[in-house]
Amino acid sequence: MRLERRDETSRLALALAPLLAVAFTLGVASLLVRWAGAPVGRTWSLMFAGAFGSVFALAETLTRATPLMLTGLAAAVAFRARLYNIGAEGQLYAGAIAAVMVGGLHGGASLTVPTALLFAATMAAAALAGALLLLGPALLKSRLGVDEVVTTLLANFIVLLAVSALLDGPMKDPLAMGWPQSVALDPELELGRLIERTRLHTGLLAAIAAAVLLWALLRFTVWGFDIRATGANSRAAAFAGVPVGWTVVRVAALSGGLAGLAGAIEVAGRTGYVTLDMSPGYGYGGIVVAMLAGLHPLGVIAASVFVAGVLVGADSMSRAIGVPTYLADVMVAVALIAVLVAGLFARWRLRWR
Amino acid sequence: MARAEPARGAAGPPVLEIVEISKRFGALQANDRISLTLHRGEVLALLGENGAGKSTLMSILFGHYRADAGHIRVAGRPLAPGDPRAAIAAGIGMVHQHFALADNLSVLDNVMLGSEPLWQPFTRRRAARERLRALAGRFGLPVEPDALVRELSVGERQRVEILKALYRDARILMLDEPTAVLTPQESEALFTVLASMVAQGLAVIFISHKLGEVLRVSHRIAVLRAGRLVAQAPASECDPARLARWMVGHEIDEREAGPAGSPGETVCALRGVVTAPDARAGRERLRGLDLVLRAGELVAVAGVSGNGQRHLAELLCGVRAADGGELRLGDEPLRADPAWLVSRGVARVPEDRSAVGLVGELPLWENALAERLRTPEFARGGWVRRAAAREQAERVLRAFDVRGAGAGSSARALSGGNMQKLILGRALMPPPGAPAPRLIVAHQPTWGLDVGAVDFVRGRLLQARDQGAAVLLISDDLDEVLAMGERIAVMHDGRIVGDRSARAWSREAIGLAMAGGGDAARAA
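Residues numbered from 1 in each chain as written. Chains lettered and ligands numbered in written order. Predicted model: local features only at pLDDT ≥ 70, side-chain atom pairs only at ≥ 80, totals over all residues. Heavy atoms only, no water.

So, the overall build of chain B
The helix and strand tally for chain B stands at 18 helices and 22 strands. Of all 524 residues assigned to chain B, the portion counted as buried reaches 51%. Sequence-distant contacts in chain B: of pairs separated by 6 or more residues, those separated by 24 or more amount to 68%. In chain B, 67 positive and 61 negative side-chain charges are present, and the distance between their average locations comes to 3 Å. (Helix = DSSP H or I, 4+ residues; strand = E, 2+ residues; numbered from the N terminus. Buried < 20%, exposed > 50% of the residue type's maximum accessible area, 1.4 Å probe, protein only. Contact = heavy atoms within 4.5 Å. Lys, Arg positive; Asp, Glu negative; His and termini not counted. Charge placed at Lys NZ, Arg CZ, Asp CG, Glu CD.)

Okay, structure coming up:
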């Protein structure tokens, strides 16, 4: 048994691969649903209704998709350049706390700054915090060859502990009755609602705009060429004159900035303040989203909605029928593996003899 | 060295029968119903151009590939296809062109590696050492069992590879272009070893495309061309002209580079250039290299690979900085910056087409423009001017006859020859308005190409020279150096040890200089 590269990869196979992967995922999950003793058809219809079946359900799904989209873009652009940023979770928290530092502490200091300027400063601070957090690992990688997977992964724990210390210390909200919760963002800075009486906020538009901009950057600019060439073959890129080290540093700033922005937009659009459980793993989820999307920025939009839909739908289905929400985790995991394997088989064939 | 007479038993049943083997890779018929036999005590030479199917056939024999059709019998018994372990058990040993040795282990460890069962609690080093010594003595392959492989010279490493095969009781030994990495003198030593092996009843398959040595060492010669066995004859009935005709399918006219008038002004001058060896990649370095390249002159650099040619090429391609010495391009100091070099009219053809020359995942047009994407003609405000870029790319693809894929498909789809044409076109064909190249650095530009592509590449290099460029051709292939160079410089141990007009060199003198004798000895 061995793998052989296909002579030519058909576009049809490449397009069909994700669909087959989703079908496979549903098949595996159906077995689990049966095992849990629930009716399969009803489980799926409840889950779909819970994710997309009403305006409220759709709004909830898109609310969840927003941070996933941004962390997904953060992972996608970094992975394109072969910078394996596993630290989006930490960068998200760093962005969130930086946003509150600029846009929340200020509220107490009663400085008079135009709201628009303060909003821009808040977002910029969040992006900068995320970018700086990834800059260290990127420089360690390009200068000393330190594996960025290890450094970015471990930085997550450091950031989370630091945020925890801040929430119990200087950033603690005195009105939170002892809960480890940061001071609130200036209400002026909160994002508007896209649909009344839902949690869906304009951050979704920002995330979609970021995806389109990133797509254009990768496809139409010299910098995008640098990123793609560096990721695909850094020796050939360097030979052709691409500044490989500088590209990795710029990508780190972009990727960390996007993840930091995810944190700030979560705070400004949904929570209003920082808590230690504000992200149910959006940083890690972003990696799954990016891989599902084949590292394509526009694909990230669809993949983040899919993952968010599975999570939200499973919550709703679980309340109605009693199948554990773990099903959602299993589905996302199976979908990721199925997409990777399907992509593999689109390009390679298995030979038995 | 006289050719060893076939040992007794040569007339008996064959030790190896290859029957009607076919193998196809996509559109390429790599092997087309090839049948061969091999007897005890015989050296069979497998001759053919690069890409004729020699390596594929050997890979099938050794179980790396599985043939689409046909079968193989060893000593009368069928060989299980697609299984290297079965091949080893049947007594087939292979010495690859690129050695498969662990640098950080000793000779003994390398030889033992994989030859002992994993569940055995202790390795039997003492017995293994005795056996290795016995084998080394028997076949005249002296090695130091406890030396680390990374300390060994290329010739010594090859000995370890051969011993590795013998240690596994190989009765049939395949050598894939064994002399490609050796000096002429080291090759002589290898031929002596081969003679002693066949005298003791082994059978050898000797793969090469060098006619002279094939005629010297083999008893029988089989010639492959485009996947077919086109001829087979006893070596005593062959001569170089006949073999060459079989190999290429027609008479070859030796290209004469010819004198191209008197060389012009100095384009590039290196004086006392020093580089340090890379931390992990071997001992290659430069230690005081002097070289002057003039307009309208083609200088060919010969040498056994690993004597500093790679560093020299990388310096002139801008991907390595010198640690000492003076490098000048025209009247400016040469910078280690590819984009700067391209802007100054340096055309660069790297040694490794697919790993360094091109980004396989990216489309042809981006690869064709990769060197100049930052220039104002092709980018404005950071945005690529796609129309202009694609137009220039199409011009390059047309002018250099790059076939097999459109401008939008990924470069990986190209064959080796077309990859090289694309790289050559990118380097030699500046966009309108940009100056023509004045210095061309080509490192192994024809390695692994078929005859037609080799001819194309050489023709383009000569054409650029005729238009006034200084051309530096670095090649491991002595025939290429002799055919192309007006001036030949020989590298040994990080220095140019001989540098004079091609007419003042003989093949023997070059071989001697490559091994560190000649000029180097006189200078010392």
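Structural notes on a nonpolar patch on the surface
Residues and elements named next belong to chain A. Together, L3, I337, V341, L344, F345 and L350 line one region of the surface with nonpolar side chains, adding up to about 460 Å² of accessible area. The dominant element in the nonpolar patch, judged by the number of residues it contributes, is helix α14 (residues 326–347), at four residues. Residue L3 is classed as partly exposed on the basis of its relative accessible area, which comes to 40%. (Patch = residues over 30% accessible without salt bridge, like charges linked within 9 Å, V, L, I, M, F, W, Y side chains within 5 Å. Areas by Shrake-Rupley, 256 points an atom, 1.4 Å probe, with all protein chains shown as cover. Salt bridge = Lys/Arg side-chain N within 4 Å of Asp/Glu carboxyl O.)

What to know about the sheet that holds strand β21 (residues 487–492) of chain B
All names here are of chain B. On the basis of which strands lie adjacent, the open sheet formed by six strands has the order β16-β19-β20-β13-β21-β22 and mixed pairing. At either margin of the open sheet sits one strand with a lone partner, and together these are β16 (346–349) and β22 (495–501). Each neighbouring strand pair of the sheet contributes to a mean axis angle of 15 degrees, computed without reference to strand direction. The pairing of β21 with β22 spans six bridges and is classified as antiparallel. Pairing of M491 across the sheet is with I496, part of β22. (Pairing = 2+ DSSP bridges. Axes fitted to C-alpha atoms, helices over the stretch in contact; angles between N-to-C directions.)

Quick look at the interface of chain A and chain B
Listed as interface residues are 26 residues of chain A and, on the opposing side, 32 residues of chain B. Of the roughly 2400 Å² buried between chain A and chain B on both sides combined, carbon and sulfur atoms contribute 57%. Our count for the chain A to chain B interface comes out at two salt bridges. Ionic pairing is found between A:D226 and B:R374, a salt bridge with its closest N-O pair at 2.6 Å. Those elements that place two or more of their residues in the side of chain A that touches chain B are β1 (2–5), α8 (203–220), α9 (222–232) and α10 (234–239) of chain A. Ranked by residues supplied to the side of chain A that touches chain B, first place goes to α9(A) with seven residues. Its residues assigned to classes, the side of chain A that touches chain B comprises 14 nonpolar, three polar and nine charged. (Buried area = accessible area lost by both parts, 1.4 Å probe. Nonpolar A, V, L, I, M, F, W, Y, C, P; charged D, E, K, R; others polar.)

Things to note about the environment of B:L291
All names here are of chain B. Mapped onto the fold, L291 is located in strand β12 (residues 286–294). L291 gets classed as buried once you look at its relative accessible area, which sits at 2%. Between the C-alpha atom of L291 and that of G272, which follows or precedes it by 19 residues, the distance is 8.9 Å. For L291, the residues in contact, after removing those within four places along its chain, are C268, A269, L270, L312, L472, R487, A489, I496 and D499.

Side note on the environment of B:L334
All names here are of chain B. Note on placement: L334 falls in the loop between β15 (332–333) and α10 (338–343). The spacing of L334 and L316 is 18 residues in sequence and 8.2 Å in space, taken between C-alpha atoms. With residues up to four places along the chain from it excluded, the contact list for L334 reads C268, L315, L316, L327, R328, L329, W340 and L341.

Points about unusual backbone geometry
For A:R197, which is not a glycine, the phi torsion comes out positive at approximately 60 degrees. The topology assignment puts A:R197 in the loop between α7 (148–168) and α8. Although it is not a glycine, B:D493 sits at a positive phi angle of roughly 50 degrees. Looking at the secondary structure, you find B:D493 in the loop between β21 and β22.

Some points on the pattern of salt bridges
Across all of its chains, the model carries 38 salt bridges over all chains by this definition. We note a salt bridge from A:D226 to A:R250, for which the minimum N-O separation is 3.2 Å. On the criterion of sequence distance, the pair formed by A:D226 in helix α9 and A:R250 in helix α11 (residues 244–271) is long-range, its members being 24 residues apart. Judged by relative accessible area, A:D226 falls into the buried class, the value being 2%. Judged by its relative accessible area of 18%, A:R250 falls in the buried class. A salt bridge links B:E332 to B:R344, with the shortest nitrogen-to-oxygen separation between them at 2.9 Å. Separated by 12 residues along the polypeptide, B:E332 in strand β15 and B:R344 in the loop between α10 and β16 bring together distant segments of the chain. Shared partners join several salt bridges into a network, and the residues in it are B:R294, B:E297, B:R487 and B:D499.

Details of the environment of B:W365
All names here are of chain B. By secondary structure assignment, the location of W365 is in helix α12 (residues 364–369). Once the C-alpha coordinates of W365 and Q392 are considered, the two residues, 27 residues apart in sequence, prove to be 8.4 Å apart. Apart from residues no more than four positions distant in its own chain, W365 is found in contact with V384, R386, A389, R390, A393, A407 and G408.

Observations regarding helix α6 (residues 184–199) of chain B
An α-helical segment advances 3.6 residues per turn. Residues three or four places apart therefore align on the same side. Residues and elements named next belong to chain B. Across its 16 residues, α6 extends 23 Å between first and last C-alpha, which sits within 8% of the 22 Å expected from 1.5 Å per residue. Turning to α6, its buried residues number three or more, namely S187, L190, F191, V193, L194, A195, M197 and V198. Structurally, α6 contributes buried residues whose contacts are with β3 (43–47), α4 (125–139), α5 (154–167), β7 (172–176), β8 (203–208) and α7 (211–217). Remark: G201 follows α6 within two positions and exhibits a positive phi of approximately 95 degrees. (Expected span 1.5 Å × (residues − 1).)

As for helix α1 (residues 54–61) of chain B
Residue and element names in this part refer to chain B. Summarising burial for α1: seven of the eight residues are buried, a large majority. Regarding α1, the residues found buried are K54, T56, L57, M58, S59, I60 and L61. Among the residues trailing α1, G63 stands out with phi positive, at a value near 85 degrees.

Some thoughts on the side chain of A:T66
Residues and elements named next belong to chain A. Checked against the element boundaries, T66 lands in helix α3 (residues 55–80). A polar contact is formed between the side chain of T66 and the backbone oxygen of L62, at a distance of 2.9 Å. Leaving out residues up to four positions away in the same chain, T66 has contacts with H201, G203, L204, A207 and I265. (Polar contact = N/O pair within 3.5 Å; in protein donor to acceptor, adjacent residues only side chain to side chain.)

A word on the packing of aromatic side chains
All names here are of chain A. In total, this model carries five aromatic pairs over all chains according to the counting rule given. On the basis of an interplanar angle of 50 degrees and a centroid distance of 5.4 Å, the ring pair of F48 and F52 is categorised as tilted. Here F52 and F48 lie together in helix α2 (residues 40–52), a separation of four residues that amounts to about one turn. A relative accessible area of 32% places F52 in the partly exposed class. Judged by centre distance (5.6 Å) and plane angle (90 degrees), the ring pair of W215 and F220 falls under edge-to-face. (Phe/Tyr/Trp six-rings, centres within 6.5 Å; stacked < 30°, edge-to-face > 60°.)

Notes on the side chain of B:K23
Checked against the element boundaries, B:K23 lands in strand β1 (residues 16–25). The class of B:K23 is buried, set by a relative accessible area of 3%. A polar atom in the side chain of B:K23 sits 3.1 Å from the backbone oxygen of B:R66. Not counting residues within four places of it along the chain, the set of residues in contact with B:K23 comprises A:E4, B:L28, B:Q29, B:A30, B:N31, B:T56, B:I60, B:Y65, B:R66, B:A67 and B:D68.

Scope: geometric values only; no functional claims are made or implied.
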